[in-house]
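# Remarks on the overall topology
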Amino acid sequence: NAMARKLYEGLQTLPDVQFTQKMESNQLFLTMPRPVIDRLMKSYFFYFWNEAENEIRFVTSFDTTEEDVDEFIRLLKR
């Protein structure tokens, strides 16, 4: 769950990200503006948890690296 924690901390720095559930595992549930979600979906695969609310779910795994998380956050900041 270290990479989920790193992703959580990186996402917390972004103004339009709102977490909808506490981080308790390798899954993060959050909302962000739909245009940002649409842009991310061009490069990354993830699920809508509640599409009507723009709530999405990110999942890290055993092979998620720090570089993966850093690159993802950099993309979001662009």
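Residues numbered from 1 in each chain as written. Predicted model: local features only at pLDDT ≥ 70, side-chain atom pairs only at ≥ 80, totals over all residues. Heavy atoms only, no water.

Our next topic: the packing of helix H2 (residues 34–41) against helix H3 (residues 66–77). Between H2 and H3, the shortest axis-to-axis distance is 10 Å and the interhelical angle comes to 135°. Classified by the interaxial angle, the pair formed by H2 and H3 is oblique. The interaxial crossing formed by H2 with H3 has right-handed handedness. Every residue of H3 that contacts H2 at Val 36, Arg 39 and Leu 40 is listed here: Phe 72, Leu 75 and Leu 76. (Axes fitted to C-alpha atoms, helices over the stretch in contact; angles between N-to-C directions. Helix = DSSP H or I, 4+ residues; strand = E, 2+ residues; numbered from the N terminus. Parallel < 35°, antiparallel > 145°, perpendicular 65-115°, else oblique. Left-handed = near helix turned anticlockwise from the far one by under 90°. Contact = heavy atoms within 4.5 Å.)

Our focus in this paragraph is the sheet that holds strand S4 (residues 55–59). Reading across from one edge, S1-S2-S4-S3 is the order of the 4 strands in this open sheet, with antiparallel pairing throughout. Here the strands that pair on one side only, and so sit at the sheet edges, are strand S1 (18–19) and strand S3 (47–50). Sheet analysis places S3 next to S4, joined by 3 bridges and oriented antiparallel. From the neighbouring strand, Tyr 47 faces S4, where its bridge partner is Arg 57. Here helix H1 (residues 2–12) sits on the sheet in contact with S1, strand S2 (27–31) and S4, set at roughly 15° to S2. (Pairing = 2+ DSSP bridges.)

Each pair of packed helices can be described by the angle between their axes along with the distance between the axes. The geometry of H1 relative to H3 is characterised by a closest axis approach of 10 Å and an angle of 20° between their N-to-C directions. Between H1 and H3, the crossing angle belongs to the class labelled roughly parallel. Where H1 crosses over H3, the handedness of that crossing is right-handed. Along its contact with H1, which presents Met 3, Lys 6, Leu 7, Gly 10 and Leu 11, the element H3 presents Glu 66, Val 69, Asp 70, Phe 72, Ile 73 and Leu 76. Considering only residue class, the contact of H1 with H3 consists of 7 nonpolar, 1 polar and 3 charged. (Nonpolar A, V, L, I, M, F, W, Y, C, P; charged D, E, K, R; others polar.)

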